[in-house]
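# Examination of the molecular architecture
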Amino acid sequence: MIIFNKIWALIIGHITVFKHSFKKRVTLEYPEQKQVLPETFRGKPVWNCEKCIGCGICERVCPAAAVKVDKNNDNINSYFDLSRCIMCGNCMYYCPKHAIRLSSEYELATDNKNDLYIYFNKSEGV
Amino acid sequence: MNYLYFWYIQILSKYNIPKIFGDITFPILPFCIVAAAIIVAVLFLVLAERKILGLFTQRKGPNRVGIWGIMQTVADAIKLLCKQNVDPRGADKILYNVAPILVFVPAMILWGIIPYSSEFVFMNFSVSALLYISIAALPVIGIILAGYSSNNKFSVIGAIRSGAQIICYELPMMFVLLSIVLISSSMNLKDIIFSQLGSFSILNWHIFPCFLGFIIMFISILAELNRCPFDLPEAESELVAGYNTEYSGMRFALFFLAEYATMFVMCAFLAILFFGGFLPVTGKYISEMIFSDNQFLQLFIYIEQVIWLMIKTILLVFIVMLVRATLPRLGSKELMKFSWYVLLPLSMLNFILIAIIKFIVDGGAI
């Protein structure tokens with residue numbers, strides 16, 4: 001009896017696999033078709049220089065030490081190193097003024113490493 | 001081959017080419033046809049396997065090179081041809097180079113033994129079924145040599161597994177073949193096919209008296225081809241790539257070519273033994289219905305026979321791929337146990353059953 005159960009399970013398994021061939025493909029042909037991202041997706045960070053008060057919390061909470069904030073009186077300089085960033089979103093959650101937002105941009109591959117260093121100045125902008 | 005021979009000589013004489021040229025070139029033609037057919041079939045099979053596995057896992061498979069990725073295997077082949085052949089340090093150079101050839105040549109001979117239509121048989125021996133089975137077991141020598149000469153642990157383990165596997169599964173296969181030979185009272189593959197010709201068309205096929213034998217044969221063939229769930233010799237997750245770990249370039253391509261060529265020809269063998277080979281499913285040749293009173297009717301029938309055999313073979317290949325998509329790999333010990341404790345007794349039982357059926361059907365006359 002056990003043997004018959006096993007054979008039956010084998011047949012059911014094959015039928016199940018065969019049924020998959022009638023289902024919709026899940027593959028996306030990448031550059032032409034893109035994935036629909038969730039709202040909470042954490043991509044490349046974006047600074048809003050107007051809101052920044054230069055408190056430096058983002059520098060302290062960053063586990064990868066990708067952010068550096070310099071405050072001289074009213075002038076705020078912030079350096080951001082995307083090659084170190086792990087997209088954890090800590091800076092976004094801890095920022096008291098919501099000056100940092102993680103955008104949904106994820107195509108960050110580049111052949112020039114200088115593209116990954118971003119420098120912000122409050123008075124000058126990006 | 002007589003019909004084709006006269007046809008060939010006739011065509012040559014039309015262009016004032018002497019008959020002696022035809023006599024010399026005619027035996028070479030089958031070789032050329034087989035070589036061309038193997039390459040086309042393998043290119044088709046590799047792509048088909050990737051596409052079908054994609055189908056079963058809800059992916060698309062190759063879809064970039066050419067329309068729907070049909071040129072993918074051609075691109076792969078060009079890549080393999082251009083690659084460097086690396087000899088590992090400490091390898092036995094001669095055996096290392098001979099092994100891929102020893103694996104590929106039997107596959108090519110097998111293609112010659114298969115009767116594609118009633119006239120289109122390259123090597124027609126009276127014991128071609130026996131010859132087929134014995135040559136089908138030959139590639140394992142090449143595999144063992146490849147494993148031994150590579151100077152690599154994984155290769156040796158893969159080769160030993162392959163040797164153990166072939167010993168286990170050759171025996172049930174022989175018993176099933178014996179029962180088929182018993183039904184058709186011939187060892188010639190063409191005669192085996194013609195013994196499935198009868199007034200009941202499909203019901204005359206050997207699969208109906210010998211269904212158990214078909215299952216045993218199918219499993220044994222999977223084991224002999226080193227395919228899932230019996231792909232222990234090249235188990236990727238345990239042994240890197242088994243016996244062909246060290247091989248690269250054209251030598252690896254030969255292993256690859258041999259694997260798929262044997263897969264196709266083994267499925268053709270199954271179709272011949274159990275599904276009536278080149279006999280039509282409809283009971284009567286379709287070209288006979290369409291082109292009655294045509295001087296080329298005979299030729300059309302031969303072509304149709306080839307198409308019938310190919311359809312049956314491709315369906316069997318599809319099932320082999322379905323099995324690969326479904327089942328996980330067996331353990332080495334389970335594999336042996338399954339063969340010696342389950343398949344061998346069953347195949348003997350099948351043989352005895354077939355003998356009894358034959359005795360009753362023939363009215364007790366021996």
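You'll find the structure just up there.
Reference entry: report on the structure contained in this document. (Residues numbered from 1 in each chain as written. Chains lettered and ligands numbered in written order. Predicted model: local features only at pLDDT ≥ 70, side-chain atom pairs only at ≥ 80, totals over all residues. Heavy atoms only, no water.)

## Looking at the overall build of chain B
A tally of regular secondary structure across chain B gives 15 helices and zero strands. Against the compact-globule benchmark of 21 Å for 366 residues, chain B has a radius of gyration of 22 Å, which places it among compact chains. With the principal axes as the frame, chain B shows a C-alpha extent of 65 × 60 × 45 Å. In chain B, of all internal contacts separated by at least 6 residues, the share reaching a separation of at least 24 is 78%. (Helix = DSSP H or I, 4+ residues; strand = E, 2+ residues; numbered from the N terminus. Rg over C-alpha atoms; globule rule 2.2 N^0.38 Å. Contact = heavy atoms within 4.5 Å.)

## Thoughts on the sheet that holds strand β5 (residues 117-121) of chain A
The strands making up a sheet are joined through hydrogen bonds of the backbone, oriented either antiparallel or parallel. Residues and elements named next belong to chain A. Here three strands make up an open sheet; going across it, the order is β2-β3-β5 and the pairing antiparallel. Sheet topology places β2 (67-72) and β5 at the edges, where each strand pairs with a single neighbour. Neighbour-to-neighbour, the strand axes of this sheet turn through a mean angle of 10 degrees, independent of strand direction. (Pairing = 2+ DSSP bridges. Axes fitted to C-alpha atoms, helices over the stretch in contact; angles between N-to-C directions.)

## Side note on the interface of chain B and chain A
With 14 residues of chain B in contact, the opposing surface of chain A contributes 17 residues. Across the interface of chain B and chain A, roughly 1400 Å² is buried in total on both sides, 58% from carbon and sulfur atoms. Its largest share of buried area at the contact with chain A, chain B owes to Gln58(B), Lys60(B) and Arg64(B), together 45% of the area lost on that side. Of the charged contacts in the structure, one is a salt bridge between Glu32(A) and Arg64(B), with a shortest N-O distance of 3.6 Å. (Buried area = accessible area lost by both parts, 1.4 Å probe. Salt bridge = Lys/Arg side-chain N within 4 Å of Asp/Glu carboxyl O.)

## Re the layout of surface pockets
Empty space within the largest pocket amounts to approximately 1600 Å³. Contributing to the lining of the largest pocket are 37 residues, with Ile7(A), Leu10(A), Ile215(B), Ile219(B) and Phe338(B) lying nearest its centre. Mapped by element, the contributors of at least two residues to the lining of the largest pocket are α1 (2-19) of chain A together with α10 (211-224), α14 (297-326) and α15 (332-361) of chain B. Class assignment for the residues of the lining of the largest pocket results in 31 nonpolar, one polar and five charged. (1 Å grid on protein atoms, 1.4 Å probe; cavity = no way out; pocket = protein on both sides within 12 Å on 5 of 7 lines; lining within 4 Å. Points joined across faces, edges and corners; volume = space filled by probe spheres on them. Nonpolar A, V, L, I, M, F, W, Y, C, P; charged D, E, K, R; others polar.)

## Quick notes on the nonpolar core
Trp111(B), Ile114(B), Tyr132(B), Met217(B), Phe269(B), Leu273(B) and Phe274(B) are the most contacted members of the largest nonpolar core, which has 90 residues in total. If you tally residues by element for this core, the top one is helix α12 (residues 249-274) of chain B, at 18 residues. Non-local contacts of Ile114(B), meaning those with residues more than four positions away in its chain, are made with Phe120(B), Val121(B), Tyr132(B), Val265(B), Ala268(B), Phe269(B), Ile272(B) and Leu309(B). By size, the runner-up hydrophobic cluster in this structure holds 21 residues, among which are Cys52(A), Ala64(A), Ala66(A) and Leu116(A). (Core = buried A, V, L, I, M, F, W, Y, C linked by side-chain atoms within 4.5 Å. Buried < 20%, exposed > 50% of the residue type's maximum accessible area, 1.4 Å probe, protein only.)

## Description of the packing of α10(B) against α12(B)
All names here are of chain B. In the contact formed by α10 and α12, the axes pass within 11 Å of each other and the chain directions differ by 165 degrees. On the basis of their axis angle, the class for α10 and α12 is roughly antiparallel. The crossing of α10 and α12 is right-handed. Together, Gly 213, Phe 214, Met 217, Phe 218, Ile 221 and Glu 224 of α10 and Met 266, Phe 269, Leu 270, Leu 273 and Phe 274 of α12 make up the contact between the two elements. Here the residues of the contact of α10 with α12 sort into nine nonpolar, one polar and one charged. (Parallel < 35°, antiparallel > 145°, perpendicular 65-115°, else oblique. Left-handed = near helix turned anticlockwise from the far one by under 90°.)

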